[in-house]
Amino acid sequence: FICTQGQLEIIKARLSPVLRQDAHQNGACYRIRSLYFDDADDTAFFGNDAGTDARRKFRLRVYENTQDGARLEIKHKLRGGTKKDSCFVSAALCETLLRGEAHAWREDLAQPLKELFQEMRLGGLTPKIIVEYERSAFVCDAGNVRVTLDRNIAYSCETTRFLEDSIPLAPVLPAGLNLLEVKYDAFIPDYILQLLETGDLTRTTFSKFYLAALAQRGEYLW
């Protein structure tokens, strides 16, 4: 859901006494930075645009600390559902990936790394764009519910600077607009739905990677 700052603050105030913060959050919010890969034909971008089923995206992700390495994540979309496979990547290996270099395949590599290296060699996958934002997140064990409130969503094309503490960024959304996402498995408890109800939220499809890539092209949906 695309939300105003006011809507986001109302929802956060409702959720804070009821749901617990996620493990990454020590204060009001925390920073997330992701680097997305795509090939020369922008297959991930156009697949997102067309709603291709099934599809997958490769990304590196860091939180507040950019010096300790990153998580490599493969995000799968299938029949309206989402799942992620991930593994840790050291800072040294991250630097190699940022240069577009794939290591030799080894049997002991984590499966996500094997898939990334294969796509880099055979599919021409390279680092394409960085997306950064501030997140407040709340979780509930029942239904494996996760509610995320994302502000200041921005992007950078300077992919080799992914592990630097501060990089130049450009906004993805107009000032004052933010993102609310509600993720769950089989069900979501009714009381959480009631906490999220403001009467004026409209569900929409939203990919930070896609909108950042649109903005990079000088195109916007808002």
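Residues numbered from 1 in each chain as written. Predicted model: local features only at pLDDT ≥ 70, side-chain atom pairs only at ≥ 80, totals over all residues. Heavy atoms only, no water.

Undergrad: So what's going on with the packing of aromatic side chains? Which residues, and what values?
TA: Counted under the stated rule, the structure contains 4 aromatic pairs. Both rings, one in Y30 and one in Y63, keep their centres 6.0 Å apart while their planes meet at 50°; by these two values the pair is tilted. Placement of Y30 in strand β3 (residues 30-38) and of Y63 in the loop between β4 (55-62) and β5 (70-78) is noted, with a sequence separation of 33 residues between them. With a centroid separation of 5.0 Å and 25° between ring planes, the pair formed by F45 and Y210 is classed as stacked. Placement of F45 in helix α2 (residues 43-50) and of Y210 in helix α6 (residues 208-216) is noted, with a sequence separation of 165 residues between them. We classify F45 as buried; its relative accessible area is 5%. The cationic tip of K208 hangs over the ring face of Y133; the distance from NZ or CZ to the ring centre is 4.6 Å. (Phe/Tyr/Trp six-rings, centres within 6.5 Å; stacked < 30°, edge-to-face > 60°. Helix = DSSP H or I, 4+ residues; strand = E, 2+ residues; numbered from the N terminus. Buried < 20%, exposed > 50% of the residue type's maximum accessible area, 1.4 Å probe, protein only. Lys NZ or Arg CZ within 6 Å of the ring centre and 35° of its normal.)

Undergrad: An account of the environment of P127 is requested, with residue identities and associated values reported.
TA: On the secondary structure map, P127 appears in strand β7 (residues 126-140). Expressed as a C-alpha distance, the spacing of P127 and L35, which sit 92 residues apart in the sequence, is 6.8 Å. Those residues in contact with P127 that lie beyond four places of it in its chain are L35, Y36, F37, L97, L98, G100 and T159. (Contact = heavy atoms within 4.5 Å.)

Undergrad: An account of α6 is needed here, citing residue identities and associated values.
TA: For an α-helix the count is 3.6 residues per turn, leaving residues at separations of three or four pointing the same way. Summarising burial for α6: 8 of the 9 residues are buried, a large majority. The set of residues buried in α6 consists of K208, F209, Y210, L211, A212, A213, L214 and A215. In this structure, the buried side of α6 is in contact with β3, α2, β4, β7, β8 (145-156) and β10 (177-183). G218 occupies a position one or two residues after α6 and carries a positive phi of about 80°.

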